[in-house]
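Take a look at the letters that make up each chain.
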Amino acid sequence: MPPSADQQNLNDLRHQSLVAEFRRNIGNRILVLIASFPFFYVGELVDVESDTVFVQAEFSNVPVLDNVILRTHIDNIKVYFIEAPGTPIPEIRL
């Protein structure tokens, strides 16, 4: 059964809100958890194009990806935390 017009509009609004939040926070540090490899990474949010975020990874659970720009479609992001004054990303040790 296809989604109703109300469900579609709600999904569109959610999508637009996420893109807007990521754009507002370009230059801030972000922690991203995704369901697929590499599972998580922390770095600086450097750009948002359409519905894809670009993060200059500081570190991840895969050391070879450290210091690489990772791009992730926002639908693949399960959890994220954007650093702000007074709410830093805690130090994570692997």
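Our subject is the structure that appears above.
Here goes a summary of the coordinates provided.

**Looking at the sheet that holds strand 5 (residues 77-82)**
So, point 1. Here we have five strands laid out as an open sheet, ordered 4-3-2-1-5, and antiparallel in their pairing. Of all strands in the sheet, those with a lone pairing partner are strand 4 (69-73) and strand 5, marking the two edges. On average, each strand axis in the sheet is inclined to that of its neighbour by 40°, with strand direction left out of account.
So, point 2. In this sheet, strand 3 (residues 52-60) lies alongside strand 2 (residues 40-49) in antiparallel orientation, the contact comprising eight bridges.

**As for the packing of aromatic side chains**
So, point 1. Scanning all chains against the criterion turns up three aromatic pairs.
So, point 2. Considering the side-chain rings of Phe22 and Tyr80, the 4.9 Å spacing of their centres and the 55° angle between planes classify their relative orientation as tilted. Here Phe22 is found in helix 1 (residues 5-24), whereas its partner Tyr80 is found in strand 5, with 58 residues between them in sequence.
So, point 3. Under the relative-accessibility criterion, Phe22 is labelled buried at 1%.
So, point 4. For the ring pair Phe40 and Phe59, a centre distance of 6.4 Å and an interplane angle of 75° mean the geometry is edge-to-face. One end of the pair, Phe40, is in strand 2; the other, Phe59, is in strand 3, and 19 residues separate them in sequence. The same class applies to Phe40 and to Phe59, which are both buried.

**Observations regarding the nonpolar core**
Side chains of a nonpolar character, in soluble globular proteins, are inclined to be buried together.
So, point 1. Residues Phe22, Ile30, Leu45 and Val53 are the most contacted members of the largest nonpolar core, which totals 18 residues.
So, point 2. When residues of this core are traced back to their parent elements, those giving at least two are helix 1, strand 1 (29-34), strand 2, strand 3 and strand 5.
So, point 3. Sequence-distant contacts of Leu45, defined by excluding residues within four places in its chain, comprise Phe22, Asn25, Ile26, Gly27, Asn28, Ile30, Val53, Phe54 and Val55.
So, point 4. One finds Leu31, Phe40, Val42 and Ile89 within the second-largest nonpolar core, a separate group that totals five residues.

**Brief notes about unusual backbone geometry**
So, point 1. Here Phe37 and Pro38 are connected by a cis peptide whose omega angle stands at 10°.
So, point 2. The topology assignment puts Pro38 in the loop between strand 1 and strand 2.
So, point 3. In this structure, Asn67 is a non-glycine residue whose phi angle is positive, near 65°.
So, point 4. Within the secondary structure layout, Asn67 lies in the loop between strand 3 and strand 4.
So, point 5. Overall, Asn67 belongs to the exposed group, its relative accessible area being 61%.

**Topic: the pairing of strand 1**
So, point 1. The sheet contact formed by strand 1 and strand 2 spans five bridges and is antiparallel. Counterpart to Ile30 in the pairing with strand 2 is Gly43.
So, point 2. Between the antiparallel neighbours strand 1 and strand 2 lie five residues, among them Phe39 with a positive phi of about 75°.
So, point 3. Note: strand 1 against strand 5, five bridges, orientation antiparallel. Bridge assignment links Leu33 to a residue of strand 5, and that residue is Val79.

About the thresholds
- Residues numbered from 1 in each chain as written.
- Predicted model: local features only at pLDDT ≥ 70, side-chain atom pairs only at ≥ 80, totals over all residues.
- Heavy atoms only, no water.
- Pairing = 2+ DSSP bridges.
- Helix = DSSP H or I, 4+ residues; strand = E, 2+ residues; numbered from the N terminus.
- Axes fitted to C-alpha atoms, helices over the stretch in contact; angles between N-to-C directions.
- Phe/Tyr/Trp six-rings, centres within 6.5 Å; stacked < 30°, edge-to-face > 60°.
- Buried < 20%, exposed > 50% of the residue type's maximum accessible area, 1.4 Å probe, protein only.
- Core = buried A, V, L, I, M, F, W, Y, C linked by side-chain atoms within 4.5 Å.
- Contact = heavy atoms within 4.5 Å.

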